[in-house]
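Notes for the structure review
Below, each chain spelled out in residue letters.
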Amino acid sequence: MSTSATLANLSDDPRLSDPNWWRQAAVYQIYPRSFADSNGDGLGDINGITARVPYLKSLGIDAVWLSPFYPSALADGGYDVDDYRDVDPKLGTLDDFARLSTALHQAGIKLIADIVPNHSSNRHVWFQEALAAPRGSAARERYIFRDGLGPNGDTPPSDWESVFGGPAWERITEPDGTPGQWYMHIFATEQPDLNWANREIRDDFLKTLRFWSDRGVDGFRVDVAHALTKDLSEPLKSSSELTAANTGTDGFPDGTHPFWDRDEVHEVYTEWREVFNEYTPPRTAVAEAWVHASRRARYASPEGLGQAFNFDLLQAHFNAGEFREIITRNHEEALATGASSTWVFSNHDVVRHATRYGLSTADGKDVGGQDGKGWLLRGAPANEVDAALGLQRARAASLLLLALPGSAYLYQGEELGLQEVGDIPDADRQDPTFFRNKGVEVGRDGCRVPLPWTAEGPSFGFGEGTAHLPQPEWFSGLAVKQQDGVAGSTLELYREALRLRRELQGAEEIEWLANANPDVLHLRRPGGWQSVTNFGSDPVELPAGEVLLSSAPLQDSLLPGNATAWLR
Ligand code: GLC
Ligand code: CA
C-alpha cells in the first residue's frame, strides 16, 4: 500500500483522495518559526504546529503550506536551505514531521511544503565542496562560478545587482588562499544560485520531491519558480541591457532575460509533473513566479506545476474597478489554461493587508501592495496607518476573496486581523533586505512576528520563552483566545466564511451582477451564492436575499462602506 493511500485511510474525508482537492482549496500559510513554540526556545517549531492542528481544523482550511522548515542559518528566514531532505534540528526531527503530517491528514487537512530550487545556502554540502574544489571541477559546476574581469580578476563578471541589494556576485578565496572566482547569487550572498543546466541538480531535486511526497506531502509551493534556468553565454549582458530585456512587457521580462522567466524553465517542471503523477492523488504545485500575466499560464499548465500565484490583487488599490478587472482577467486565464485561479492578499514577503489598506499617500489614495520597487516592500510606520480603516477594508476584501472561484491563499495571523509590526528595533531585525539596504528598506520582519495566542504570558501564548522577534503590546488584544467564540471578531468572521464557503462552493464560475454604484461589486456563484462589496464610504442597499454573513454590522439593513456581505 502506498504512503498516500495509508494516509488517506486515516481520514474519512473524501477530499483527501480527490485529485482535484487543490482547485478551490483554502490554503493557510504557516511561517513555522513564528507560529507556535513547543519548547520555549523562542522559535516556532514542528511540534508547536502539531499541537495547534485543532485550531487549524476549527478554522476550516483545506490545506496548510509550510514555509521552509529545513536546516538553515536563517540568512533569509529559512529560504537559505542547508539540506533539502531534513528538518532543522531547532524545529524538530523527521519523526516530528511525520507526526504533523499524520495529525493534519487525520484532521482532513492537506500539507504543502515550500521547495527552494533556485539556490541552496552557502552551508549546503555542495557549496562547501565547491569552495574546497578547484576551478572547473564538477563540484563548482553545481553552482555558477566565473572568473572575474580585469587583469587580476577582481572585477565581478558582470554589474548585476542582487534582488536584496548590492552586487549579485561574490568573490571566493581559492583553497590555496589566493583571491579566486566569483559565484552568482540573485538573492543574499548566503544563497548561491544552483546550476540548473547540470543534470545532477535536476536529478537531486526529483529525489527531494519524492522524499517529501513519500512522507505525506500533498503539494509543493515552488520558490522563485521563474529563475532556475539561465543563459550565461559570454559576454554577459550588462545591467542596462538587462533592464531592456526586463521591460519587454509592461516592465516584466519577456523571455529574453538571462535569468528571469526563460522558456527552458518549463522543461524542468515537465519532469517534476511526471514525479507528481507517480502518486495517488497526484502531488500538486503552485509556482511563485513574478512574471507578466500573459506568461503565467505556462507555469500553471497541467503539464507543468498546475497552478501559479497571481499577485495582482495583492498589488491593487482597494478599488472596485481594479478588483473587478483583476478578478475577471485571472478567472478567464484560469479557464483558458485548465488551472484554477489563485488569490492572495498577504504572505511572508509583503506588508499585511490590514495595514496596506490603512496607509495613505499624499494624494489620499490608499497604497496597494507595491511601491514601485518590485515585491520587496517597505515596512509601514505605525504612525501613518489608520489601523481601524485598514482592518475594515481587509475584512471586506478577505470576504470577497473567499467568495471567488479558485484557491484562496491565507497567511497566518490575517484571521486575527493582525497589522504589520512597523516599529521593530533595528537591533532585532532579521531580514537580509534590511541589512543590504540600510536606511531604505526595513524589510519583511513586520509580517513575521510570532502569533499571539493568549492575551498574556511571556510571548502571548506563542511559547514559554521570549519570541525571536519582539511582539508589540497591542498583540494582546488580538490574541486567538480574545477572539475565540466572540461574535463579530475577525477570527469568527474567517471561521464562518470558511464554513459557508465549503457548504456553498460549486463550479468554478462567477457572474457579475449589475449595480448602478461604481463603488459596488456584486457577484454570483453557481447555486445562488452572492457577494456584495461596498468599496465606497457611504452605506448602500443590498439586493434581495438572505444575508448569510457580513464583514461589518449592517446599518438599518444597509451595507456600510468598506464592507462585504454574502447573500443567498
Ligand atoms: C521568495 C520567498 C522569499 C525569499 C526569496 C528567496 O520570493 O518568498 O521569502 O526571500 O524567494 O528565496
Ligand atoms: Ca521552539
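Use the structure listed above.
So, a few notes on the structure that sits alongside this text. (Residues numbered from 1 in each chain as written. Chains lettered and ligands numbered in written order. Predicted model: local features only at pLDDT ≥ 70, side-chain atom pairs only at ≥ 80, totals over all residues. Heavy atoms only, no water.)

**Thoughts on the packing of aromatic side chains**
In the structure shown here, the tally under the stated rule is 37 aromatic pairs. Members of the aromatic cluster, connected to one another through ring pairs, are Tyr 84, Trp 196, Phe 205, Tyr 269, Trp 272 and Tyr 299. The ring of Trp 453 carries the charged tip of Arg 52 above its face, separated from the ring centre by 4.0 Å. Directly above the ring of Phe 145 sits Arg 140, whose terminal nitrogen or CZ lies 5.0 Å from the centroid. (Phe/Tyr/Trp six-rings, centres within 6.5 Å; stacked < 30°, edge-to-face > 60°. Lys NZ or Arg CZ within 6 Å of the ring centre and 35° of its normal.)

**Concerning the environment of Phe 318**
With respect to the secondary-structure elements, Phe 318 resides in the loop between strand 9 (306–308) and helix 10 (320–337). In the structure, Phe 318 is positioned 22 residues away from Ser 340 in sequence and 23 Å away in space, judged by C-alpha atoms. (Helix = DSSP H or I, 4+ residues; strand = E, 2+ residues; numbered from the N terminus.)

**Thoughts on the site of ligand 1**
Taken together, 15 residues form the shell around ligand 1, and within it Asp 76, Asp 223, Glu 288, His 348 and Asp 349 come nearest. Within the side chain of Asp 76, an N or O atom sits 2.6 Å from an oxygen atom of ligand 1. Between ligand 1 and the protein, one listed contact pairs an oxygen atom with a side-chain N or O atom of His 119 at 2.9 Å. Burial of ligand 1 by the protein amounts to 100% of the accessible area it has alone, namely 310 Å². Partitioning the shell around ligand 1 into residue classes produces 5 nonpolar, 3 polar and 7 charged. (Near = heavy atom within 4 Å. Polar contact = N/O pair within 3.5 Å; in protein donor to acceptor, adjacent residues only side chain to side chain. Areas by Shrake-Rupley, 256 points an atom, 1.4 Å probe, with all protein chains shown as cover. Nonpolar A, V, L, I, M, F, W, Y, C, P; charged D, E, K, R; others polar.)

**Notes on the environment of Thr 50**
Structurally, Thr 50 is set in helix 2 (residues 46–51). Separated by 52 residues in sequence, Thr 50 and Thr 102 place their C-alpha atoms 9.3 Å apart. If sequence neighbours within four positions are ignored, Thr 50 has contacts with Asp 96, Arg 99, Leu 100 and Ala 103. (Contact = heavy atoms within 4.5 Å.)

**Observations regarding the coordination of the calcium ion (ligand 2)**
The calcium ion (ligand 2) binds to the protein through Asp 37 (OD), Asn 39 (OD1), Asp 41 (OD), Leu 43 (O) and Asp 45 (OD), with metal-donor distances spanning 2.2 to 2.3 Å. Expressed as a motif, the donor residue spacing for the calcium ion (ligand 2) is D-x1-N-x1-D-x1-L-x1-D. Take Leu 43: its relative accessible area is 9%, and that puts it in the buried class. (Donors = N, O, S within 2.8 Å, 3.2 Å for Na, K, Ca; no water. Buried < 20%, exposed > 50% of the residue type's maximum accessible area, 1.4 Å probe, protein only.)

**Focus on helix 10**
End to end, helix 10 covers 26 Å across 18 residues, agreeing with the expected 26 Å (1.5 Å per residue, within 8%). The secondary structure elements touched by the buried residues of helix 10 are helix 9 (293–300), strand 10 (342–344), helix 12 (387–402), strand 12 (511–513) and strand 13 (520–525). Two to three positions downstream of the cap, the backbone nitrogen of Gly 321 sits 2.9 Å from a side-chain oxygen, assigning the N-cap of helix 10 to Asn 319. The first or second residue beyond helix 10 is Gly 338, which carries a positive phi of 90°. (Expected span 1.5 Å × (residues − 1).)

**Here we look at the pairing of strand 14 (residues 529–534)**
A large share of strand 14 lies buried, amounting to 6 of its 6 residues. Burial along strand 14 is two-sided: Trp 529, Ser 531 and Thr 533 and Gln 530, Val 532 and Asn 534, pointing in opposite directions, are all buried. Note that strand 13 and strand 14 share 6 bridges and pair antiparallel. Within strand 14, the residue paired with Arg 524 across the bridge is Gln 530. Pairing of strand 14 with strand 18 (residues 563–567), which is carried by 5 bridges, proceeds in the antiparallel orientation. Opposite Ser 531, over in strand 18, you have Trp 566 as the bridge partner. (Pairing = 2+ DSSP bridges.)

**Brief notes about the sheet that holds strand 6 (residues 179–184)**
What the 3 strands build is an open sheet, ordered 4-6-5; its pairing is antiparallel. Of all the strands in the sheet, the pair left with one neighbour each is strand 4 (145–146) and strand 5 (169–173). Across 2 bridges, strand 4 lies against strand 6 in antiparallel orientation. Across the sheet, Arg 146 pairs through a bridge with Trp 182, a residue of strand 6.

**Looking at the pattern of salt bridges**
A side chain of one charge can pair with a side chain of the opposite charge when the charged atoms of the two come close. Under the defined criterion, the tally for this structure stands at 41 salt bridges. Salt-bridge contacts for Lys 90 lead to Asp 88; the nearest nitrogen and oxygen are separated by 3.3 Å. By relative accessible area, which is 1% here, Asp 88 ends up buried. Put simply, Arg 221 and Asp 223 hold a salt bridge, and the shortest N to O gap is 2.8 Å. We classify Arg 221 as buried; its relative accessible area is 2%. (Salt bridge = Lys/Arg side-chain N within 4 Å of Asp/Glu carboxyl O.)

**Describing the sheet that holds strand 11 (residues 407–411)**
The sheet built from 8 strands is open, its strands ordered 9-8-7-3-2-1-11-10 with parallel pairing. Of all strands in the sheet, those with a lone pairing partner are strand 9 and strand 10, marking the two edges. The mean inter-strand angle of the sheet, taken between neighbouring strand axes irrespective of direction, is 25°. When strand 8 (residues 284–287) meets strand 9, the two strands line up parallel, connected through 3 bridges. (Axes fitted to C-alpha atoms, helices over the stretch in contact; angles between N-to-C directions.)

**Here we look at helix 4 (residues 94–106)**
Helix length check: helix 4 (13 residues) gives 18 Å between terminal C-alpha atoms against 18 Å at 1.5 Å per residue, within 8%. Every buried residue of helix 4 is listed here: Asp 96, Phe 97, Leu 100, Ser 101, Ala 103, Leu 104 and His 105. Two or three places before Asp 95, at the start of helix 4, stands the capping residue Thr 93, its side-chain oxygen 3.3 Å from that residue's backbone nitrogen.

**Re the pairing of strand 7 (residues 219–222)**
On strand 7, burial covers both faces: Gly 219 and Arg 221 on one face and Phe 220 and Val 222 on the other are all buried. Examined bridge by bridge, strand 3 (residues 110–115) and strand 7 share 4 bridges and lie parallel to one another. Counted as the bridge partner of Ile 112 is Gly 219 from strand 7. Where strand 7 and strand 8 come together, 4 bridges link them in parallel fashion. Across the sheet, residue Val 222 finds its bridge partner in strand 8, namely Ala 287.

The values reported here are purely geometric and, on their own, carry no functional implication.
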